Amino acid sequence: MSLIVDIEKRLGAFTLRAELEARGGEALALLGPSGCGKTVTLKCVAGILTPDRGHIELDGRVLYDSKDQIDLPPQERQIGYLFQQYALFPNMTVEQNILCGIQRGGKAEKAELAAAQIRRFRLGGLEKQYPAQLSGGQQQRVALARILASGPQAVLLDEPFSALDSFLKWNLELELGEMLSGFPGPLLWVSHDVGECRRNCRKVCVMESGNTDPVIPIEELFTRPASRSAARLAGCKNFLRAERAAEGLRLPEWDVTLPLQPEQSGFDTMAVFNAAILPDGGELSLRVCRVIEDVDGYILLLRPEDAAPSAPFLRFESPVPHAVGETLGLGFRTDKLFFF
Amino acid sequence: MDWYPLYNSLRIAAIASFFVFFLGVAAAYYIAKLPRLLKGTLDVILTLPLVLPPTVVGYLLLRLLGPRRVVGAWFLEHFDLRLVMTWWSAVFAVIVVVFPLMYRTVRASFESFDETLAYAGQTLGLSNTYIFWRIRMPYCRQGLIAGTVLAFARALGEYGATSMIAGYTPGKTATISTTVYQLWRTDNDALALKWVLVNIAISAVIMLVVNMLEKKDLLTEARRSGKARA
């Protein structure tokens, strides 16, 4: 079972080119900043929007093909779509919301299936309630129960927790992961939160300004990000200009040369993850220019003492405080440095 | 007192409101999907009767439905049917005058509809007809009710276009509004006043019903959201 997407769509000045494959039982994260085209991609897959050209296939079934002029309506695609605000029908009770998506079977069969979903999603006692009477977590469970009751072959999740505070978010995330764990079909999880993707998905497809990167196992996003945007999404905050020099690696913005010889060539940027920075015992001496207290530690902004006023800082998250003006001898873990 | 004008006014208003309900809903739904220029043009044309004097609407309708005019002549020739100067001729006039009220109210409430609900319905496999009648219409019910009641109230009071296309024949085409005018013109002041009072009573009842409907809806909303917070 797999979902294959290869589409193109223009929306004003924005052009989407999405190419990805999601396999059954294996959640694929579609990760990218806001406005990069993630939701448009989902809507094209679900049939809410029509691409300009391309091909969409689910489990060998062609849903859309511009050459063969196939474009199934959303009703025939059997793709469940969890919307950001859950999109429960406000004029229907919990039970009616779940029932209305069940297309097959007689009345008794439908009622039985709905009752089973209500039990499975711990919605017992809420059958006659209206969506506005439910908490956020209950609404999410109803939305999921409704989707799974309709018998989808793939499920799309559109930023399921974007509007929630972090505590509630964490609880709903745990619950959502649990509820979806047995789903056999492809699962496409759209998010701009890398942690959410890491915890819930096994593969990732990074998206930026309308273009998709190749699908990779999600741990590779951290062990060897393929692009600057992938590194940024993986949580890297430091990007310094870098060039190969005779005696090592030169950082022109700081006018410093490091004794490093990267294996790659053809790069102009060095991405420094926080984990790459070894705070003492190194040869690069940097001055602490600012100290910002964070929730669980300190953010230090570092720069060579004689650097130009416009030179960028190195951001280092330190568990221990340092005083402004202090000089640190930094080293780098070369396996956590990436060059683009 | 002969109650025929009350009966006639009520049936004209009821029949016209019935048609205006469906015409207004269909127009609001389909016109919203048209390209901008066409939408703007149709919007102007369909709303025009709201600001035109009803006598102008009556004149235009007579030019269309009169026995020697295009549509009127056709019906007279093929069905031996005169479209004007009968009690139901007033229905045409009232539909045209009242339509913009319904159309605009419904359109405003359709515009407030959350399209995500329709998309959710589609991905769940619900037909577009089901989504329209069971999700979009209930969601917009306040606007639909408000539009219908407004249309009915305005239909009851229509005078200008009605008097031109249906005239005033006691016991045939007389409505409350044409009767009041006729009685006043013939110096029957006492009876005219009675009809005025009847008219005021009906209008007051309608407005009362509207207010009650609004309050009831607000109450249920409040109860629901109150429980959600608890």
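Above: the structure in question.
Description of the structure in this document. (Residues numbered from 1 in each chain as written. Chains lettered and ligands numbered in written order. Predicted model: local features only at pLDDT ≥ 70, side-chain atom pairs only at ≥ 80, totals over all residues. Heavy atoms only, no water.)

**Some thoughts on the overall build of chain B**
To keep it simple, the criterion reads: Helix and strand assignments follow DSSP, with helices taken as H or I runs no shorter than four residues and strands as E runs no shorter than two, numbered in order from the N terminus. Here the term buried applies to any residue with accessible area under 20% of the maximum for its type, exposed to any over 50%, and partly exposed to those in between, with areas from a 1.4 Å probe on protein chains only. By definition in these notes, contact holds between two residues if any of their heavy atoms fall within 4.5 Å. Each accessible area is a Shrake-Rupley estimate made with a 1.4 Å probe; only the visible protein chains count as cover when residues are assessed. For this count, His and the chain ends are skipped, Lys and Arg are scored as positive, and Asp and Glu as negative. Charged groups are reduced to one reference atom each: NZ for lysine, CZ for arginine, CG for aspartic acid, CD for glutamic acid.
Along chain B, the regular secondary structure elements total 11 helices and zero strands. Oriented by its inertia axes, the alpha-carbon framework of chain B measures out at about 65 × 45 × 30 Å. For chain B, with 230 residues in total, the buried portion stands at 40%. Here the analysis covers contacts within chain B between residues at least 6 apart in sequence; of these, 71% occur between residues at least 24 apart. Accessible surface for chain B amounts to roughly 12800 Å². Of this, 67% is attributable to carbon and sulfur atoms. Of note, chain B has its 23 positive side-chain charges centred 4 Å away from the centre of its 13 negative side-chain charges.

**Focus: the interface of chain A and chain B**
Let me state the cut-off plainly: Here the buried area means the combined drop in accessible surface, using a 1.4 Å probe, for two parts upon being joined, counting both sides. Only one rule defines a salt bridge in this text: a Lys or Arg side-chain nitrogen within 4 Å of an Asp or Glu carboxyl oxygen. N or O atoms closer than or at 3.5 Å make up a polar contact, with two conditions inside protein: a donor-capable atom paired with an acceptor-capable one, and, for residues adjacent in sequence, both atoms drawn from side chains.
Listed per partner, the contact involves 24 residues of chain A and 21 residues of chain B. Each partner contributes to the roughly 1900 Å² buried at the junction of chain A and chain B, and carbon and sulfur atoms together form 67% of this total. Joining chain A to chain B, the criterion identifies zero salt bridges. Our enumeration of links across chain A and chain B arrives at six residue pairs in polar contact (both at pLDDT 80 or more). Every element with two or more residues in the side of chain A that touches chain B is listed here: α1 (38–46), β7 (79–82) and α4 (136–149) of chain A.

**A short note on the nonpolar core**
Worth spelling out the cut-off: Grouping buried Ala, Val, Leu, Ile, Met, Phe, Trp, Tyr and Cys residues that are joined through side-chain atoms within 4.5 Å yields what is termed a nonpolar core.
One finds F89 of chain A together with V25 and F110 of chain B to be the most contacted residues of the largest nonpolar core, which totals 89 residues. For this core, the leading source of residues is helix α5 (residues 89–111) of chain B, giving 12 residues. The contacts of F110 of chain B, once residues within four sequence positions are left out, are V25, A28, Y29, F132, R136, M137 and C140 of chain B. Counting residues in hydrophobic clusters, the runner-up holds 49 residues, among them L144, L180, A231 and A271 of chain A.

**What about the sheet that holds strand β14 (residues 243–245) of chain A?**
Residues and elements named next belong to chain A. Heads up, the condition is: Any two strands are treated as partners once DSSP identifies two or more bridges connecting them. Lines fitted to C-alpha atoms define the axes here, with helix axes fitted over just the stretch in contact, and angles between the N-to-C directions of these axes take values from 0 to 180 degrees.
Here three strands make up an open sheet; going across it, the order is β14-β15-β16 and the pairing antiparallel. Across the chains shown, the open sheet's two edge strands, defined by having one partner strand only, are β14 and β16 (256–258). The average undirected angle you get between the axes of adjacent strands in this sheet is 40°. Across three bridges, the pairing between strand β15 (residues 248–251) and β16 is antiparallel. Along β16, the bridge assignment pairs R250 with T257.

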